[in-house]
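Report on the structure
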Amino acid sequence: MIKNIQHIILVVFTIGFVTLSYSQKRNYDIKNGIGISGGLTQYDIITDNFNTKKGNGWAAGLTASVMLPHKWYGVSYSMQLAENNFSVEGRQSNVFNTTEDIEYKLLTAQLSFLLHVKLIESYVTFDLGPMLQYNADLELKDENQENYLINNFETVTAQDITPISRFNVNGAVGLSAGFSHFKLKAQYIYGFLNTLNKLNDEAFNELNRTNFKGNQSMVVLTAQVTF
């Protein structure tokens, strides 16, 4: 995963450098910046296969932005790393039918290109755009739960559902408010691809023959400092 993250960082700064260089050649009074952000996430997978609960995590990122004073918009390229948490309902066995929350952790790396529509000059903007995402496998927060059974299934365990699709294509919308060097951001991210698609090819599903399907839902609240 470290190697993939390094590649993403290289792409972000390469694209940002090309954009900033091109903009400067146009002789416009353009406000460029490099931003560092950090904050909280709330993550879930929307699916009919499992009973899930949202969980809180953290996010940190880098942004290369270009604000155009004579235009109604600006653009930015961002790379964001996040540790997300959520839970799935399960039980210890078919004998003891008590429901427990099985907690998972998911590390993600996201690369986005956002359009910032100015609502109140550059102080408040409506942000939207596409996002590419790399996923690690789901990780159980409590290894003692790896043999717990997932509710709605007779034989599927908590460990069985940890492999998920490696890549996702997301849509992101949100608001930014603040000044040129400091802004608060709220963002909603929806995954268009099937996050659980990899489970359809797992060996355990040869007996269950279940069509696994789920889309990620993610809220990100961050503060950004721009230089």
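Our structure's up above, just so we're on the same page.
The text that follows walks through the structure, step by step, so that each part is easy to find. (Residues numbered from 1 in each chain as written. Predicted model: local features only at pLDDT ≥ 70, side-chain atom pairs only at ≥ 80, totals over all residues. Heavy atoms only, no water.)

Looking at the environment of S180
Put simply, the test is: Segments assigned H or I by DSSP are reported as helices when at least four residues long, segments assigned E as strands when at least two residues long, and all are numbered from the N terminus. A 1.4 Å probe rolled over the protein chains alone gives each residue an accessible area, and that area as a share of the maximum for its type sets the label: buried under 20%, exposed over 50%, partly exposed in between.
With respect to the element layout, S180 can be found in the loop between β8 (167–178) and β9 (182–191). When its relative accessible area of 52% is taken as the criterion, S180 is described as exposed. Between the alpha carbons of S180 and G33 there is a distance of 8.9 Å; along the sequence they are 147 residues apart.

Here we look at the nonpolar core
Using the following cut-off: For the purposes of this section, nonpolar cores are sets of buried Ala, Val, Leu, Ile, Met, Phe, Trp, Tyr and Cys residues that join through side-chain atoms within 4.5 Å. Contacts: residue pairs with any heavy atoms within 4.5 Å of one another.
Grouped together as the largest cluster of nonpolar side chains are 29 residues, with contacts concentrated most on F50, Y104, I150 and I161. Elements supplying a minimum of two residues to this core: β1 (31–47), β3 (73–91), β4 (100–120) and β10 (214–226). Those residues in contact with I150 that sit more than four places away from it in its chain are F50, V88, E89, G90, R91, I102, Y104, V156, T157, A158 and I161.

Observations concerning the layout of surface pockets
Operational definition: With a 1 Å grid laid over protein atoms only, a set of points is called a cavity when a 1.4 Å probe fits there but cannot get out and a pocket when it is open yet has protein on both sides within 12 Å along at least five of seven lines; lining residues have an atom within 4 Å of a point. Grid points are joined across faces, edges and corners, and a volume is the space filled by probe spheres set on the points. Residues are grouped as follows: nonpolar covers Ala, Val, Leu, Ile, Met, Phe, Trp, Tyr, Cys and Pro; charged covers Asp, Glu, Lys and Arg; every other residue, Gly included, is treated as polar.
The volume enclosed by the largest pocket comes to roughly 710 Å³. Lining the largest pocket are 44 residues, with S65, H116, K183, K185 and Q224 sitting closest to its centre. When contributions to the lining of the largest pocket are tallied by element, the ones reaching two or more residues are β1, β2 (52–67), β3, β4, β5 (124–135), β8, β9 and β10. Among the elements that make up the lining of the largest pocket, the one with the highest residue count is β4 (6 residues). Counted by class, the lining of the largest pocket contains 15 nonpolar, 23 polar and 6 charged residues.

Brief notes about the pairing of β3
Using the following cut-off: Strands qualify as paired when DSSP identifies two bridges or more between them.
Taken across its 19 residues, β3 has 15 buried, putting it largely inside the fold. Where β2 meets β3, 13 bridges bridge the pair, whose relative direction is antiparallel. What sits directly across from V66, in β3, is V75. In textbook terms, the turn of a hairpin is the stretch between consecutive antiparallel strands, and for β2 and β3 this stretch comprises 5 residues.

Here's the deal with empty space enclosed by the protein
This structure, assessed with the given rule, holds 1 cavity of 30 Å³ or more. In this structure, the largest cavity occupies an estimated 40 Å³ of space. In terms of lining, the largest cavity is formed by I45, F50, T52, F86, V88, L138, I161, L196 and L199. Looking at the lining of the largest cavity, its residues break down into 8 nonpolar, 1 polar and no charged.

A closer look at the side chain of N84
Stated formally: In protein, a polar contact requires one atom able to donate a hydrogen and another able to accept it; more generally it is a pair of N or O atoms within 3.5 Å, and residues adjacent in sequence count only if both atoms are side-chain atoms.
Following the sequence through the fold, N84 ends up in strand β3. On the basis of relative accessible area, N84 is assigned to the buried category, the value being 0%. Side-chain polar atoms of N84 contact the side chain of T41, separated by 3.1 Å. Ignoring anything within four residues of it in the chain, the contact list for N84 reads T41, Y43, Y104, K105, L106, T108 and M218.

Digging into the pattern of salt bridges
For the record, the criterion: One side-chain nitrogen of Lys or Arg within 4 Å of one carboxyl oxygen of Asp or Glu is enough to make a salt bridge.
One pass over the structure, following the stated rule, counts 3 salt bridges. In this structure, E139 engages K105 in a salt bridge whose closest nitrogen and oxygen atoms are separated by 3.8 Å. Placement of E139 in strand β6 (residues 139–140) and of K105 in strand β4 is noted, with a sequence separation of 34 residues between them. Among the residues examined, K105 registers a relative accessible area of 21% and is labelled partly exposed. With its nearest N and O atoms 2.8 Å apart, the salt bridge here joins R166 to D137. Of the two residues, R166 sits in the loop between β7 (149–150) and β8 while D137 sits in the loop between β5 and β6, which places them 29 residues apart along the sequence. Judged by relative accessible area, R166 falls into the partly exposed class, the value being 28%.

What about the environment of Y123?
Turning to its location among the elements, Y123 is positioned in the loop between β4 and β5. Taking C-alpha positions, Y123 is 5.2 Å from G178, a pair spaced 55 residues apart along the chain. Excluding anything up to four places from it in sequence, Y123 contacts S176, A177, G178 and F179.

Comments concerning the packing of aromatic side chains
We count it as follows: Note on ring pairs: Phe, Tyr and Trp rings are taken, using the six-membered ring of Trp, and paired if centres are within 6.5 Å. Classes follow the plane angle, with under 30 degrees stacked, over 60 edge-to-face and the rest tilted.
This structure, assessed with the given rule, holds 11 aromatic pairs. Ring plane angle 55° and centroid distance 6.0 Å describe the contact between F50 and F153, whose orientation is recorded as tilted. Of the two residues, F50 sits in the loop between β1 and β2 while F153 sits in the loop between β7 and β8, which places them 103 residues apart along the sequence. Residue classification places F50 among the buried residues on the basis of a relative accessible area of 6%. Taking the centre distance of 5.8 Å and the plane angle of 20° together, the rings of F153 and F212 count as stacked. With a gap of 59 residues between them, F153 in the loop between β7 and β8 and F212 in the loop between α2 (205–208) and β10 connect regions that are remote in the sequence. No difference in accessibility class separates F153 from F212, as the two residues are buried.

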